[in-house]
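Coordinate analysis (summary)
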Amino acid sequence: MMDFAQAGLRRIGRRIIDSIWRMGTATRFLALTLLHSGQSFSRFQLTIREIFSAGVLSLIIILVSGLFVGMVLGLQGYETLQTYGSEEALGILVSLSLVRELGPVVAALLFASRAGSAITAEIGLMKATEQIAAMEMMAVDPIARVVAPRFWGAVISMPLLAALFSAMGIFGGYLVGVVLIGVDEGAFWSQMQAAVDFREDILNGVIKSVVFGVAVTVIALFEGYDAPPTAEGVSRATTRTVVTSSLAILGLDFILTAFMFSGV
Amino acid sequence: MGLLHRKTIQVSDILIEIRDLYFAYGDRTVLKGINLTAKRGQVIAIMGISGGGKTTLLRLIGGALRPSAGLLKVDGIDMSRIDHVGLYQLRRRMGMLFQFGALFTDMSVFDNVAFPLREHTDLPEEMIHDLVLMKLNAVGLRGASGLMPSELSGGMARRVALARAIALEPRLILYDEPFAGLDPISLGVTGNLIRRLTDTLGITSIVVTHDIQESLRMVDYVYFVSEGVIAAEGTPDQLRASKEPFVHQFVHGEEDGPVPFHYPAPSYTADLELAA
């Protein structure tokens, strides 16, 4: 019995040590990426390509999801607000929920599953087919040439996508609330303008999306770079990217919200 | 003075010098005292059974691994002391052909060959254009410059990779299993290309391969690696005539010999539980 408990404890301990070790390696990987970022800016067309594949190619899913989330907010918000006779406040409800929370968080979750998984799979396969090793043998640093442009491409794309998600969501809320249900249009927009503060709401939302962008991208790049060079290795790394980044986004969101809005 | 002069020539004539080289992955010692010399303008084959340490040796020469002990000099540079910057400088004078080509799948054939030129030189685009077409012409694939790697056959992909490897006119090219999985025609073409490029460009080629017949046809010298040591070495003619059991088994592709057909196992009768 004692042995059994000891073995169990040891296993838990090893898992914790392994995860801490992995986090340390990922942090070093991030530091190395930042250190080798010169080329991503001196040859900006490398980064622009990655903005296209991470950002532009994610537009459809982000815009459509934003529209639907906004429409649902419009419906649900109206239902609740009309009980108190304050359906004019629908604009505030829709915009604040999107700008503060749903925009950065849902856009980041979608970004992780659309662009993050693609980054992991691409880098994992480049490693499995020895493209990374070939680059090293050609005296080209893969961190500077492959990893850093993808990092900056994704980190630049993320806040832009979150902003578009929020804008599309507000439009969805407007469609349902004003056009479909008939909430007063003037009240919808003017209350929204009055209630949404640039620094307090919009800037904090942007900060959140930048933090999520960095987290998702580092996880995606690290998992790809660290993946065993086999079909199974790459598929597991891709799954891990989506799971880990989703958890990281939600965890970071709580911490950031606590600091930003609760005066902790 | 005369002696000194002769010595200088001798030293620079040797591109790779390996003396008593040891290498271990953790506790597992893979190479146990390798001695090897490669001169400029030579094609050297490193042969041996799978898992014998050939690719490890190639990776050591390429600087992807560090020796555990012993001397490994490439172009006069001690590989156990080389730093990151020095290694990258050395690799600009070195090309490597990976087993399946390792072409960048998101770039066309042209851009693959142009890659090292664009990364390491400031040449104008028109000059890069001409150089790339010359390199592709040398491997017979100028007409394929607009294709993507997914549109190439295995043999063509390896030839494109070879064009990419010679783009910066290296002094040394390392080949990891260049003949694996090729049809007889592509195999002959690849073998001839390696020989011709070595002769015309005056480079040194190190070929890790299993393909004994193709190797004996085109290389200058062969090293057999077995269980971490050089089990045999010699020119193709010496090896064909060799009576040494290991070489004989390898050259003639015999099933059983010093390298046994059977993985170590208890006796067959015992395993089948038959009474003696």
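Keep in mind it's a predicted model, so treat the numbers as computed, not measured.

Turning to the overall build of chain A, a few remarks are in order. Scanning chain A from N- to C-terminus turns up 10 helices and 0 strands. Taken from N to C terminus, the helices and strands of chain A fall in the order α-α-α-α-α-α-α-α-α-α. On the principal axes, the C-alpha backbone points of chain A span a range of 65 × 60 × 35 Å. Sorting the 264 residues of chain A into buried and exposed places 44% on the buried side. Expressed as a percentage of contacts within chain A between residues at least 6 apart in sequence, the contacts between residues at least 24 apart total 86%.

Scanning chain B from terminus to terminus reveals 11 helices and 10 strands. Structurally, chain B occupies a C-alpha span of about 80 × 55 × 40 Å along its principal axes. Looking at chain B as a whole, 38% of its 276 residues qualify as buried.

The subject of this paragraph is the confidence of the model for chain B. Residues and elements named next belong to chain B. In the predicted model, chain B carries a mean pLDDT of 85, and 94% of its residues have values of at least 70. Per-element averaging of pLDDT across chain B places helix H1 (residues 2–13) at the bottom with 51 and helix H4 (residues 109–120) at the top with 93. Note on residues 1–11: pLDDT is under 50 here. Beyond four places in sequence and across chains, it has 0 contacts.

Here we come to the interface of chain B and chain A. Each partner contributes to the interface: chain B provides 12 residues, whereas chain A provides 9 residues. For the side of chain B that touches chain A, the secondary structure elements donating two or more residues are helix H3 (84–91) and H4 of chain B. It is H4(B) that provides the largest number of residues to the side of chain B that touches chain A, a total of 3 residues.

Residues and elements named next belong to chain A. Helix H7 (residues 142–181) packs onto helix H4 (residues 59–83) with a crossing angle of 40 degrees between their chain directions and a minimal axis gap of 6 Å. For the element pair H4 / H7, the angle class is oblique. The two elements H4 and H7 meet at a crossing, and its hand is right-handed. When the residues that make up the contact of H4 with H7 are grouped by side-chain class, the tally is 18 nonpolar, 8 polar and no charged.

Moving on, we get to the pairing of strand S6 (residues 94–97) of chain B. All names here are of chain B. What you see with S6 is no split at all: Met94 and Met96 on one side and Gly95 and Leu97 on the other are buried throughout. The sheet contact formed by S6 and strand S7 (residues 172–176) spans 4 bridges and is parallel. Bridge pairing in S7 places Leu97 opposite Tyr175.

Moving on, we get to the environment of Asp13(B). As for its position among the elements, Asp13(B) is in helix H1. Judged by the 11 C-beta atoms lying within 10 Å of it, Asp13(B) is exposed.

Paired through backbone hydrogen bonds, the strands of a sheet run either parallel or antiparallel to each other. All names here are of chain B. Pairing within the open sheet is mixed, and its 6 strands lie in the order S6-S7-S8-S3-S9-S10. Only two strands of the sheet have a single neighbouring strand rather than two, namely S6 and strand S10 (229–234). Geometrically, the sheet is characterised by an average inter-axis angle of 20 degrees between neighbouring strands, direction not taken into account. As paired elements, S7 and strand S8 (residues 204–208) share 5 bridges and run parallel to each other. Residue Leu172 lies in a different strand from S8, and its bridge partner there is Thr204. This element, helix H2 (residues 54–61), spans strand S3 (43–47), S7, S8 and strand S9 (221–226) of the sheet and lies at about 150 degrees to S8.

Think of an α-helix as turning once every 3.6 residues; residues three or four places apart then point the same way. Residue and element names in this part refer to chain A. In the structure, helix H5 (residues 90–128) departs most strongly from a straight axis at Leu98, where the bend amounts to approximately 55 degrees. Burial within H5 is extensive, with 30 of its 39 residues counted as buried. Where H5 terminates, the next one or two residues include Glu130, which has phi positive at roughly 65 degrees.

All names here are of chain B. Strand order in the open sheet formed by 4 strands is S2-S1-S4-S5, and the pairing between neighbours is antiparallel. Two strands close off the open sheet at either side, each with one partner strand: strand S2 (28–39) and strand S5 (77–78). With 2 bridges joining them, strand S4 (residues 69–74) and S5 adopt antiparallel strand pairing. Directly across from Val74, in S5, lies its bridge partner Ile77. Most of the contacts of H2 go to S2, to which it runs at about 60 degrees, and overall it touches strand S1 (14–25), S2 and S4.

Residue and element names in this part refer to chain B. With 5 bridges connecting them, S1 and S4 associate as antiparallel partners. Note that in S4 the partner of Ile18 across the bridge is Leu72. The hairpin formed by S4 and S5 contains 2 residues between the paired strands, and Asp75 there has a positive phi angle of roughly 50 degrees.

Next up on the list: the packing of H4(B) against helix H6 (residues 154–165) of chain B. All names here are of chain B. Close contact between H4 and H6 brings their axes to 8 Å; oriented N to C, the two are set at 30 degrees. Viewed along their axes, H4 and H6 adopt a mutual orientation that is roughly parallel. H6 is crossed by H4, and the crossing has right-handed handedness. In this structure, H4 contributes Val109, Asn112, Val113, Phe115 and Pro116 to the contact, and H6 contributes Val160, Ala163 and Arg164. Residues belonging to the contact of H4 with H6 are distributed by class as follows: 6 nonpolar, 1 polar and 1 charged.

Our focus in this paragraph is unusual backbone geometry. You will see that Ala139(A), though not glycine, has its phi angle at about 65 degrees, which is positive. In this structure, Ala139(A) sits in the loop between helix H6 (131–137) and H7. In this structure, Glu273(B) is a non-glycine residue whose phi angle is positive, near 55 degrees. Positionally, Glu273(B) belongs in the segment after helix H11 (268–271).

Cut-offs used in this document
Residues numbered from 1 in each chain as written. Chains lettered and ligands numbered in written order. Predicted model: local features only at pLDDT ≥ 70, side-chain atom pairs only at ≥ 80, totals over all residues. Helix = DSSP H or I, 4+ residues; strand = E, 2+ residues; numbered from the N terminus. Buried ≥ 20, exposed ≤ 12 C-beta atoms within 10 Å, placed from the backbone. Contact = placed C-beta atoms within 7 Å. pLDDT = per-residue confidence, 0-100. Axes fitted to C-alpha atoms, helices over the stretch in contact; angles between N-to-C directions. Parallel < 35°, antiparallel > 145°, perpendicular 65-115°, else oblique. Left-handed = near helix turned anticlockwise from the far one by under 90°. Nonpolar A, V, L, I, M, F, W, Y, C, P; charged D, E, K, R; others polar. Pairing = 2+ DSSP bridges. Bend = angle between axes of the 7 residues up to and from the residue.

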